[in-house]
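What follows is the residue order along each chain.
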Amino acid sequence: MSVFRKHKSIVDRAASDRVRHKKKIEKAIKHSIKDVIAEESIIGQNGKKKIRIPVKGIKEYRFLYGNNENNKTVGSGGDHKLRRGQKIGKGRGNRARGQGMGPGTNEKGEEYYDVEVTLEELAEYLFNDLELPDLEKKQFRFVSQEAVKRKGYRFKGIRPRLAKKETVKRKIKRRKMAQKAGTFDPESDERFPFHQNDLKYHYIKPKDKDNSAAVIFFLMDVSGSMSQDRKYLARSFFFLLYQFLNHKYERVEVVFISHSTHADRVNENDFFKVATNGGTIISSCLNLELDIIEKEFHPNSWNIYTFYCGDGENWHSDNETSLDLFKKIKDLSQLTGYCEINETYKGLADDDDDQTFGISSWATFSAWKNEEMENLWAKLGPLCDNKFKKVMVGDTEHIWTAFNALFGGKIKS
Amino acid sequence: MSTWTEADLLYWDEKISRIATDLGLDWHPIDYEIIDYQEMLGAMAYTGLPTHYRHWSYGKEYERTHTLYNMGQTGLPYEMIINSNPSIAYLMKENALHIHVLTMAHCVGHSDFFKNNRMFANTNPNNIIDSFKSAAKYVKKLIEDPSIGINKVERILDAAHSIKYQVPRYPGIKYKTQQELLAVEKAKMEADPKYKTNLERVPLEPQYNLLRFIAEHSKHLKEWERNLLLIVEESSKYFIPQAMTKIMNEGWACTIHYKIVNELNLPDDLHLPFLKLHNQVIRPHLGQVNPYHLGYKLFEKLIKDFGFDEAKILREIHNDITFLRCYIDQEFLEEMNYFSYSFKKTKKSLTIDQISDDSGWEKVRDELIKNVGLNRLPVVYVDEIEKNNVLSLVHEHDGRDLDVAHGQKVHDYIKILWGDDVKLVSTVENEVWEF
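Residues take numbers from 1 onward in each chain, read along the sequence in its written order. Chain labels run from A onward and ligand labels from 1 onward, assigned in the order the entries are written. The predicted nature of this model means local features are confined to residues of pLDDT at least 70 and side-chain atom pairs, given and counted, to a pLDDT of 80 or more, with totals for whole chains, interfaces and linings taken over all residues.

Enquirer: How would you summarise the overall build of chain A if you had to cite specific residues and measurements?
Expert: Each helix is a run of DSSP H or I of at least 4 residues and each strand a run of E of at least 2, with the numbering of both proceeding from the N terminus. A tally of helices and strands in chain A yields 10 helices and 13 strands. With C-beta atoms placed from the backbone, a residue is labelled by how many other C-beta atoms lie within 10 Å of its own: buried for 20 or more, exposed for 12 or fewer, partly exposed between the two. Here chain A holds 413 residues, and the buried ones make up 30% of them. Residues are treated as contacting if the C-beta atoms built from their backbones sit within 7 Å of each other. Sequence-distant contacts in chain A: of pairs separated by 6 or more residues, those separated by 24 or more amount to 81%.

Enquirer: Requested: an account of the overall build of chain B, with residues and values cited.
Expert: Check the secondary structure of chain B and you find 17 helices and 9 strands. Pairs at least 24 residues apart make up 73% of the contacts formed inside chain B by residues separated by at least 6 positions.

Enquirer: Help me get a handle on the interface of chain B and chain A, residues and values and all.
Expert: Many analyses report the size of an interface as the accessible area lost when the parts associate. Taken together, the contact pairs 77 residues of chain B with 58 residues of chain A. In this classification, the charged set is Asp, Glu, Lys and Arg, the nonpolar set is Ala, Val, Leu, Ile, Met, Phe, Trp, Tyr, Cys and Pro, and all remaining amino acids, among them Gly, are polar. Taken together, the residues that form the side of chain B that touches chain A break down as 36 nonpolar, 22 polar and 19 charged. Taken together, the 2 bridges between strand β4 (residues 87-89) of chain A and strand β5 (residues 349-355) of chain B define a ladder with antiparallel strand orientation. Across the sheet, glycine 89 of chain A pairs through a bridge with leucine 350 of chain B, a residue of β5 of chain B. In this analysis, strands are considered paired if DSSP registers two or more bridges between them.

Enquirer: Lay out the pairing of strand β12 (residues 335-341) of chain A in plain terms, naming residues and giving numbers.
Expert: All names here are of chain A. Burial analysis of β12 places 7 of its 7 residues in the buried class, the great majority of the element. Burial along β12 is two-sided: Leu335, Gly337, Cys339 and Ile341 facing one way and Thr336, Tyr338 and Glu340 facing the other are all buried. Pairing geometry for strand β11 (residues 303-310) and β12, over 6 bridges, is parallel. Its bridge partner lying in β12, threonine 306 is registered against threonine 336. Chirality of the crossover, the property in question, places the unit of β11, helix α7 (residues 319-332) and β12 among those that are right-handed. Of the strand pairs in this sheet, β12 and strand β13 (residues 388-393) are connected by 6 bridges, and their pairing is parallel. Within β13, the residue paired with cysteine 339 across the bridge is valine 391. Convention used here: a crossover is right-handed provided that the path from the first strand, over the helix, to the second strand proceeds clockwise when the strands point away from the viewer.

Enquirer: An account of the confidence of the model for chain B is requested, with residue identities and associated values reported.
Expert: With 97% of its residues at a pLDDT of 70 or more, chain B has an overall mean of 90. With a pTM of 0.68, the predicted complex shows an ipTM of 0.87. pLDDT is a residue-level measure of predictor confidence that goes from 0 to 100.

Enquirer: Quick one: what's the story with the sheet that holds strand β7 (residues 391-395) of chain B, residue by residue and with numbers?
Expert: Residues and elements named next belong to chain B. On the basis of which strands lie adjacent, the open sheet formed by 4 strands has the order β6-β7-β8-β9 and mixed pairing. Every interior strand has two partners, whereas the edge strands, β6 (380-385) and β9 (431-434), have only one. With direction set aside, neighbouring strand axes in the sheet form an average angle of 25°. Here β6 pairs with β7 via 5 bridges, running antiparallel. If you follow isoleucine 385 over to β7, its bridge partner there is leucine 391. This element, helix α17 (residues 404-418), spans β7 and β8 (422-428) of the sheet and lies at about 160° to β8. Here the axes come from fitting lines to C-alpha atoms, over the contacting stretch only for helices, and the angles between their N-to-C directions go from 0 to 180 degrees.

Enquirer: Residues and numbers for the nonpolar core, please.
Expert: Residue and element names in this part refer to chain B. Ranked by size, the top nonpolar core spans 120 residues in total, and within it Ala105, Val108, Ala160 and Leu417 carry the most contacts. In terms of residue count, helix α10 (residues 246-263) provides more of this core than any other element does, 9 residues in total. Those residues within four positions of alanine 160 in sequence are excluded, and the remaining contacts are Leu211, Leu228, Leu229, Val232 and Leu417. To form a nonpolar core, buried Ala, Val, Leu, Ile, Met, Phe, Trp, Tyr and Cys residues must be joined through C-beta atoms within 7 Å.

Enquirer: Any details on the sheet that holds strand β3 (residues 87-92) of chain B? Residues and values, ideally.
Expert: Read from one edge to the other, the open sheet built from 4 strands follows the order β1(A)-β1(B)-β3(B)-β2(B), with strand pairing classed as mixed. Across the chains shown, the open sheet's two edge strands, defined by having one partner strand only, are β1 (3-6) of chain A together with β2 (81-82) of chain B. Inspection of the sheet shows β2 of chain B paired to β3 of chain B by 2 bridges, in the antiparallel sense. Bridge pairing links isoleucine 82 of chain B to isoleucine 88 of chain B in β3 of chain B. Seen against the sheet, helix α2 (residues 37-45) of chain B touches β1 (30-35) and β3 of chain B and runs at an angle of roughly 140° to β3 of chain B. Sheet contacts for helix α4 (residues 97-116) of chain B: β1, β2 and β3 of chain B; angle to β3 of chain B, the most-contacted strand, approximately 160°.

Enquirer: Explain unusual backbone geometry to me, and be specific about the residues and the numbers.
Expert: All names here are of chain B. Cis geometry marks the peptide bond from asparagine 85 to proline 86; its omega dihedral reads -5°. Here the phi dihedral of asparagine 265 falls at roughly 55°; this positive angle occurs in a residue that is not glycine. In this structure, asparagine 265 sits in the loop between α10 and α11 (268-281). If you check the backbone angles, asparagine 389 has positive phi at about 60° while not being a glycine.

Enquirer: Just give me the short version of the packing of helix α5 (residues 128-144) of chain B against helix α6 (residues 149-162) of chain B, but keep the residues and values in it.
Expert: All names here are of chain B. Look at α5 against α6: their axes get within 6 Å of each other, and the N-to-C directions meet at 130°. Taken together, α5 and α6 sit at an angle that is classed as oblique. In contact with Val139, Leu142 and Ile143 of α5, α6 contributes Gly149, Ile150 and Val153. In these notes the angle categories are as follows: under 35 degrees is roughly parallel, over 145 is roughly antiparallel, 65 to 115 is roughly perpendicular, and the rest is oblique.

Enquirer: Please provide a residue-by-residue account of the packing of α10 of chain B against helix α12 (residues 291-306) of chain B, values included.
Expert: All names here are of chain B. Here α10 crosses α12 at 65°, and the two axes come no closer than 7 Å. Classed by the angle they form, the pair α10 and α12 counts as roughly perpendicular. Judged by the twist between their axes, the crossing of α10 over α12 is right-handed. Together, Lys246, Ile247, Met248, Glu250, Gly251, Trp252, Cys254 and Thr255 of α10 and Pro291, Tyr292, Leu294, Gly295, Tyr296, Leu298, Phe299 and Glu300 of α12 make up the contact between the two elements. By definition, turning the near helix anticlockwise from the far helix through less than a right angle yields a left-handed crossing, and turning it clockwise yields a right-handed one.

Enquirer: I'd like a description of the confidence of the model for chain A, backed by residues and values.
Expert: All names here are of chain A. For chain A, the average pLDDT comes to 71, and 66% of its residues sit at 70 or higher. Taken element by element, chain A is modelled with least confidence in helix α8 (residues 363-370), mean pLDDT 41, and with most confidence in helix α6 (residues 282-296), mean pLDDT 89. Residue range residues 92-113 is modelled with pLDDT below 50. Its contacts to residues more than four positions away, or to other chains, number 43 contacts. Low pLDDT (under 50) marks residues 348-373, which in the prediction has 38 contacts with non-local residues, meaning those over four places away or in another chain.

Enquirer: Go over helix α16 (residues 361-370) of chain B with me, naming the residues and quoting the values.
Expert: Every buried residue of α16 of chain B is listed here: Trp361, Val364, Arg365, Glu367 and Leu368 of chain B. One face of α16 of chain B carries all of its buried residues, which in axial projection span an arc of 165°. Packed against the buried residues of α16 of chain B are β3 (73-76) of chain A together with α14 (320-327), α15 (330-336), β4 (338-344) and β5 of chain B. Think of the arc as the fan of directions from the helix axis to the C-beta atoms.

Enquirer: How would you summarise α11 of chain B if you had to cite specific residues and measurements?
Expert: Residues and elements named next belong to chain B. Between its terminal C-alpha atoms α11 stretches 20 Å, which fits the 20 Å expected from 14 residues at 1.5 Å a residue. Those residues of α11 lying buried are Leu270, Phe274, His278 and Val281. Buried residues of α11, seen end-on, are gathered within an arc of 65° and therefore sit on one face of the element. Turned more than 90 degrees away from the buried face of α11, the exposed residues are Asp268, Asp269, Leu272, Lys276, Asn279 and Gln280. The secondary structure elements touched by the buried residues of α11 are α4, α10 and α12. Expected helix span is given by 1.5 Å per residue-to-residue step, counting one fewer step than there are residues.

Enquirer: With reference to specific residues and values, describe the environment of threonine 401 of chain A.
Expert: Note on placement: threonine 401 of chain A falls in helix α10 (residues 398-406). Note: C-alpha distance between threonine 401 of chain A and valine 391 of chain A (10 residues apart in sequence) is 9.1 Å.

Enquirer: Residue-level account of the environment of isoleucine 128 of chain B, with values.
Expert: Residue and element names in this part refer to chain B. In this fold, isoleucine 128 is placed in helix α5. With 110 residues separating them along the chain, isoleucine 128 and tyrosine 238 place their C-alpha atoms 8.2 Å apart. When sequence neighbours within four positions are dropped, the list of residues in contact with isoleucine 128 reads Asn83, Ser84, Thr123 and Tyr238.

Shown next as structure tokens:
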């Protein structure tokens with residue numbers, strides 16, 4: 001005789017393994033992010049757009065037979081009209097998974113599979129573990145009061161907020177007391193009506209939603225030396241920054257400034273599309289930024305972020321002026337980032353996406369390129385601390401590491 | 001809402017058991033767990049074992065099944081049964097009574113097969129649940145050990161899982177130890193002065209048990225890492241006989257459930273849905289081998305030719321390979337309309353190679369056997385530990401080339417376990433290929 005048991009498991013036994021698997025996917029997404037963030041198609045898209053990310057590393061590997069002529073498959077045919085040489089499909093991918101053990105031979109041995117995420121989710125994955133550097137509480141300019149919260153009960157209130165359950169509870173309490181005291185007999189037909197004192201109301205408290213405002217200044221060199229490739233890198237870098245700050249702040253204002261020998265405040269479209277020419281005077285855009293900050297974004301109410309991106313070339317005579325201006329901006333900003341696009345920079349050996357980069361290690365590359373130590377990169381050295389950072393990008397794969405370096409690269413554990 | 005009660009299950013189980021006894025079947029008692037959809041997914045992820053150790057791949061399996069099921073690409077199995085004593089089987093609450101009747105009869109067939117087929121002779125069903133439980137406990141202990149933790153455990157398990165099927169395939173063969181082999185070789189050399197062999201060589205004979213060999217010979221593995229490899233090897237041992245007999249096992253269980261249920265005299269409102277379900281289970285899958293179909297049809301033919309008692313003997317002595325090799329013939333293949341196909345680079349398409357006619361049926365049979373159970377997986381053996389502790393592995397090439405990308409990954413995994421360099425030799429497109 002068999003035994004029948006109603007299974008009463010309280011624990012979902014696969015739960016911890018599912019969590020672990022999910023973590024692996026997230027990690028893999030983070031790992032592939034380097035490839036994704038520089039994707040042309042996602043730059044300038046809004047948050048709802050879905051993108052496909054190739055994710056690697058979650059596949060399990062075994063010795064398998066490859067998909068080739070010597071590896072034949074057997075199956076049953078639908079009718080008897082089969083003939084040799086007949087084509088029956090595009091590839092093994094079309095075939096449903098075989099049953100039983102063995103991985104089947106339908107995978108093509110590719111290391112990647114796609115995960116579809118929205119940009120918002122992508123930002124979530126990317127940035128949840130990164131902390132903004134010392135986020136001072138500013139006098140928030142946008143304090144919304146939309147949120148209200150129920151908080152306890154009061155004896156007075158408006159009718160729609162009547163707390164029915166509490167009211168009935170009080171009535172029952174009163175009736176029990178009346179019973180004990182002998183003033184009310186439950187057996188009788190007598191009604192026991194609500195009393196004014198039974199009524200209780202929900203209390204609603206307006207809740208100030210912490211709302212933080214930030215303004216980001218994107219400054220880009222559009223002088224003749226900024227080639228298409230360099231601009232592309234700059235663009236990818238800015239895109240990532242924008243997504244990050246957008247993710248962290250309720251409200252983000254963005255100011256785009258492009259400069260060659262003089263600076264212009266432009267809109268997003270022009271910022272990325274405008275053709276490049278002319279020489280480079282970095283101070284021009286820094287002056288413009290200070291101007292705009294004074295007129296529109298008072299540092300007491302705004303978290304200011306400034307990111308400069310250029311190829312590191314500047315008129316010699318302008319270097320000292322720029323340095324002073326960078327100092328000023330640094331004092332006003334939460335964070336100032338200086339990014340140099342430099343193809344000769346090959347990056348540091350990094351396989352570990354969790355790695356933190358010492359800022360000092362970046363310097364040598366630019367110095368090597370410009371031969372003299374008089375260049376801006378070197379001069380900016382003394383300015384560097386946790387509010388001013390410089391990074392170098394030579395290739396799309398450096399963007400993520402540069403980004404990590406900028407924001408402290410600290411991964412919350 | 002269920003349309004059945006536990007009393008129904010007990011009622012039909014009693015009848016099923018009586019008929020099965022009359023058929024001369026001999027099975028372990030069965031414990032049925034009545035579970036819901038979520039629990040079924042969970043049970044499936046761990047291949048039914050209630051005490052399996054933790055690993056993220058089972059979480060992945062859970063999600064995969066869940067997704068496939070949600071997209072309607074797969075149904076949940078009606079039956080899942082574990083080779084233990086008593087056998088543990090699962091019945092999903094949401095299923096209708098006729099499904100349960102079929103499942104219970106089917107499970108009797110499986111349990112009978114487990115108990116009698118010789119491939120399962122060494123599976124130790126009395127202790128399997130406990131041995132998995134103690135393995136799970138051990139893995140848990142390692143994960144919770146602050147000096148080890150989940151990452152280090154996964155590093156080993158991920159690698160070990162990549163070669164979990166690289167274990168000896170035929171149960172019951174006693175492999176000689178290095179010492180015993182040495183004794184044999186020495187005796188041979190004494191008997192025949194001309195006979196020469198290198199006694200220093202490790203191993204003296206090809207070793208097919210990669211997990212065990214690495215656990216025993218790696219110079220770098222820590223004690224707990226060796227133990228993990230042996231745990232994986234142990235669980236492979238449990239699955240190997242099932243992989244070796246998938247077609248027979250399912251075919252036998254289908255034969256039994258059909259025989260039993262037909263004798264149950266089910267009322268029409270149960271019998272008609274039962275017939276429908278039975279036909280669904282044993283229908284051929286286009287372009288694939290449905291083991292339920294193949295096994296059922298082959299047993300049907302054998303019972304017709306030799307009788308049920310003879311079939312009971314066959315279910316004891318064969319595995320899928322020998323079973324197909326001995327009993328499928330041209331007539332059978334033609335009726336089943338089996339054909340072989342492969343991907344042709346030149347045509348960029350899957351193309352039919354052979355069909356089951358006069359000139360092709362033997363080739364189709366041979367390809368079919370190549371695709372049965374573990375034959376679908378390449379064999380890799382340890383050839384020798386070379387100078388500088390290089391582990392030299394050889395892929396036994398049988399005409400089919402390895403998937404190079406996967407091979408490379410597995411090679412990397414083996415290096416993690418071995419700790420020193422690993423050489424893997426194979427043949428790809430008729431040339432020697434070394435990973």
